Structure formats: structure tokens, C-alpha cells
Amino acid sequence: MTRKPVALLAAVVLALVGTILLVTYVHSAKDHAVAGEQLVPVLVLTDDVKAGTPASDVASHVKTEQVPAKVKAAGAVTTVSGLTGIATVDLVKGEQLVNTRFAAVAASGRAPTPDGLLEVTVPLDPQRALGGQLVAGNKVGVVITIDDDGSGKAVTHLELQKVLVTSVQAATTDNSSSSSSDSKDAKTAPTGTMMVTLAVDAPSVEKVVFAAEHGHIWLAAEPDTANTAGTAIQNRDSVLR
């Protein structure tokens, strides 16, 4: 009568031991497989990055992680300095940073327009467009001045923030005849009106066109890292107080 319980207990013990041995073996095999797998560094996005963002502005949005070589994405980079141009698509937090998602501004001077945005072109004198050094792919703040706000006062405000420049057209001077010893290093300057195309949403198109028709526009260099806090509508009283 006592043999059955003993046999049953022995069977349970053997089954338990077998299960433990199997689990241990599986974990051991997995550890050995991972241990033998080469880990490589990649840059992973810590934030979402919008299309049109210059490669130089991505450094603050990535971190280095070690991943198995077999899951490293094609074109993955280990340093932002290896990237050039601008992001051609929206980049998502958590994905590896790859060079195929960046492209230099085309020879035509065009930068891709992010989905959902409109483009509007405004004529500007060089001094209103970063001294003529503005290029496609830059991000700018749009400063609008209206000569009369309805009360006889002119007002100025940094109205639009971090706007992508998608195209710049301008004539340049010919420095080839310059007698200066460093003329070969001097940058050419626009000789006339620059045609600057901006990528903005629909309400902003209306603001830009109104300002171009009834006021003045200045552009300020404004990369993603720029601090834009503290702006306010300015008039004679606020500027000279």
C-alpha cells in the first residue's frame, strides 16, 4: 500500500528536476548565444525629429546604444558628424539614426517640404535675410513689422518660429576682379532682391502675405536649439521705455 504514494512522489520529483534542468539548459544556451554575439554602437533618437531638420541640429536628440550586430540598421551612424544635409522624412523616437534619411539640398537649392505645410515666397532685401547668407534648409524666425496698428503706431513682433526655408534665389556679385589679397576667400553677396520660400501652415501664409503687402518682414536665424522665450509685440513706447 505504501509503494504507490512513494512511486508517485518519485515521479513528481523526477518531472520537477527534469523541468528545472530543461529551463536551465535553455537559459544557458541563450546566454551563450548572446555572449557570442558582437555588440556594436548606434545612435538612437531620444525625440521625434521633423522632416527638414538640418543634420547639425540632431545631436541633442540622440544617444548611443549597444545593439547586436545583426539588428544594426543599414546605414546606421555612430556620430552625427557623419551626417550632412537635412532630414527628408519625419524621424521617430527610438529608431536608429541612418544616413539614408538625410540628403543634401539639391543643386536647384530646394529643400523638401514637410507633409501638411504650404509654401509661400516673399521678396526680401539681403539685409532682411541674414545678409544674403540664407540657404535652403535653414530655419528662421519671421519678424513682422506693421507700420500702423490702427492707432497710428508701428508694431513689430517675432510672429513665426522655426520656419523651414525651402528655397532661396538671389543674384550675386562677381568678385573675380577684386584686387584684395583675400578676395578668393570672400563670400559673394546678393546684388538685389532675394526670393525666399518658406514652409508654413495655412494661417501663417496669410500672416506672411499680409506683412509683405502692408508691412515689412525680417528673418532671424533660428535653429531648433534656439531659445525663443520672452517675445512680445513691440512699439515705440515698449522699445524706448
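Residues numbered from 1 in each chain as written. Predicted model: local features only at pLDDT ≥ 70, side-chain atom pairs only at ≥ 80, totals over all residues. Heavy atoms only, no water.

**Description of the overall build of the protein**
Move 1: Helix and strand content of the protein: three helices and nine strands.
Move 2: The N-to-C order of helical and strand elements in the protein reads α-β-β-β-β-β-β-β-β-α-β-α.
Move 3: Counting all 241 residues of the protein, 31% fall into the buried class.
Move 4: A sequence separation of at least 24 residues applies to 71% of the contacts in the protein between residues at least 6 apart.
Move 5: Working note: accessible area of the protein is about 14,900 Å², and carbon and sulfur atoms make up 57% of it. (Helix = DSSP H or I, 4+ residues; strand = E, 2+ residues; numbered from the N terminus. Buried < 20%, exposed > 50% of the residue type's maximum accessible area, 1.4 Å probe, protein only. Contact = heavy atoms within 4.5 Å. Areas by Shrake-Rupley, 256 points an atom, 1.4 Å probe, with all protein chains shown as cover.)

**Let's talk about the sheet that holds strand 5 (residues 118-124)**
Move 1: As summarised here, the arrangement of the five strands in space is 5-8-7-6-9, forming an open sheet in which the pairing is antiparallel. The open sheet is flanked by strand 5 and strand 9 (215-221), the only strands paired with a single partner. Taken over all neighbouring pairs, the strand axes of this sheet differ in orientation by 45 degrees on average, direction set aside.
Move 2: Bridging between strand 7 (residues 155-169) and strand 8 (residues 194-200) involves five bridges; their strand directions are antiparallel. By the bridge assignment for strand 8, Leu 164 is matched with Ala 199.
Move 3: Set on the sheet, helix 2 (residues 202-214) makes contact with strand 5, strand 6 (139-146), strand 7, strand 8 and strand 9; between it and strand 9 the angle comes to about 120 degrees. (Pairing = 2+ DSSP bridges. Axes fitted to C-alpha atoms, helices over the stretch in contact; angles between N-to-C directions.)

**Description of helix 2**
Move 1: The terminal C-alpha atoms of helix 2, which comprises 13 residues, lie 19 Å apart, in line with the 18 Å expected from a rise of 1.5 Å per residue.
Move 2: Within helix 2, burial applies to Ser 204, Val 205, Val 208 and Ala 211. The buried residues of helix 2 occupy an angular sector of 135 degrees when projected down its axis, which confines them to one face. For helix 2, the exposed residues lying more than 90 degrees away from the buried face are Glu 206 and Glu 213.
Move 3: Elements in contact with the buried residues of helix 2: strand 5, strand 6, strand 7, strand 8 and strand 9. (Expected span 1.5 Å × (residues − 1). Arc of directions from axis to C-beta.)

**Here we look at the pattern of salt bridges**
Move 1: Taken as a whole, this structure holds five salt bridges when the rule is applied.
Move 2: Across the pair Glu 95 and Arg 101 runs a salt bridge whose closest N-O atoms are separated by 3.3 Å.
Move 3: Residues Asp 224 and Lys 139 are paired through a salt bridge, measuring 3.1 Å at the closest nitrogen-oxygen approach. With Asp 224 in the loop between strand 9 and helix 3 (236-239) and Lys 139 in strand 6, the pair connects residues that are 85 residues apart, well separated along the chain.
Move 4: Here Lys 139 falls in the buried class, since its relative accessible area comes to 12%. (Salt bridge = Lys/Arg side-chain N within 4 Å of Asp/Glu carboxyl O.)

**Digging into unusual backbone geometry**
Move 1: Within the chain, Leu 130 stands out as a residue other than glycine whose phi angle is a positive 60 degrees.
Move 2: Positionally, Leu 130 belongs in the loop between strand 5 and strand 6.
Move 3: Looking at Leu 130, the relative accessible area reads 31%, which means it is partly exposed.
Move 4: Positive phi outside glycine occurs at Lys 162, with the angle close to 50 degrees.
Move 5: In this fold, Lys 162 is placed in strand 7.

**Side note on the side chain of Ser 238**
Move 1: Among the secondary structure elements, Ser 238 is positioned in helix 3.
Move 2: Within the local environment of Ser 238, its side chain forms a polar contact with the backbone nitrogen of Asn 235, the two atoms lying 2.8 Å apart. (Polar contact = N/O pair within 3.5 Å; in protein donor to acceptor, adjacent residues only side chain to side chain.)

**Examining the layout of surface pockets**
Sizing a probe to match a water molecule and rolling it over the atoms shows the empty space that remains.
Move 1: Roughly 270 Å³ of internal volume is contained in the largest pocket.
Move 2: What lines the largest pocket is a set of 15 residues, among which Lys 50, Ala 51, Asp 90, Pro 114 and Leu 117 lie closest to the centre.
Move 3: For the lining of the largest pocket, the element with the highest residue contribution is strand 7, accounting for three residues.
Move 4: Tallied by class, residues from the lining of the largest pocket come to eight nonpolar, two polar and five charged. (1 Å grid on protein atoms, 1.4 Å probe; cavity = no way out; pocket = protein on both sides within 12 Å on 5 of 7 lines; lining within 4 Å. Points joined across faces, edges and corners; volume = space filled by probe spheres on them. Nonpolar A, V, L, I, M, F, W, Y, C, P; charged D, E, K, R; others polar.)

**A short note on the environment of Ile 146**
Move 1: Structurally, Ile 146 can be placed in strand 6.
Move 2: Ile 146 gets classed as buried once you look at its relative accessible area, which sits at 16%.
Move 3: Distance in space between the C-alpha atoms of Ile 146 and His 157 is 9.0 Å, their sequence separation being 11 residues.
Move 4: Filtering out sequence-adjacent residues up to four positions away, Ile 146 remains in contact with Lys 153, Ala 154, Val 155, Phe 210, Ala 211, His 214 and Gly 215.

**Things to note about a negative patch on the surface**
Move 1: On the surface, a cluster of negative charge is contributed by Asp 47, Asp 48, Asp 90 and Asp 115.
Move 2: Inspection of the secondary structure assignment puts Asp 48 in the loop between strand 1 (39-45) and strand 2 (62-68). (Patch = residues over 30% accessible without salt bridge, like charges linked within 9 Å, V, L, I, M, F, W, Y side chains within 5 Å. Lys, Arg positive; Asp, Glu negative; His and termini not counted. Charge placed at Lys NZ, Arg CZ, Asp CG, Glu CD.)

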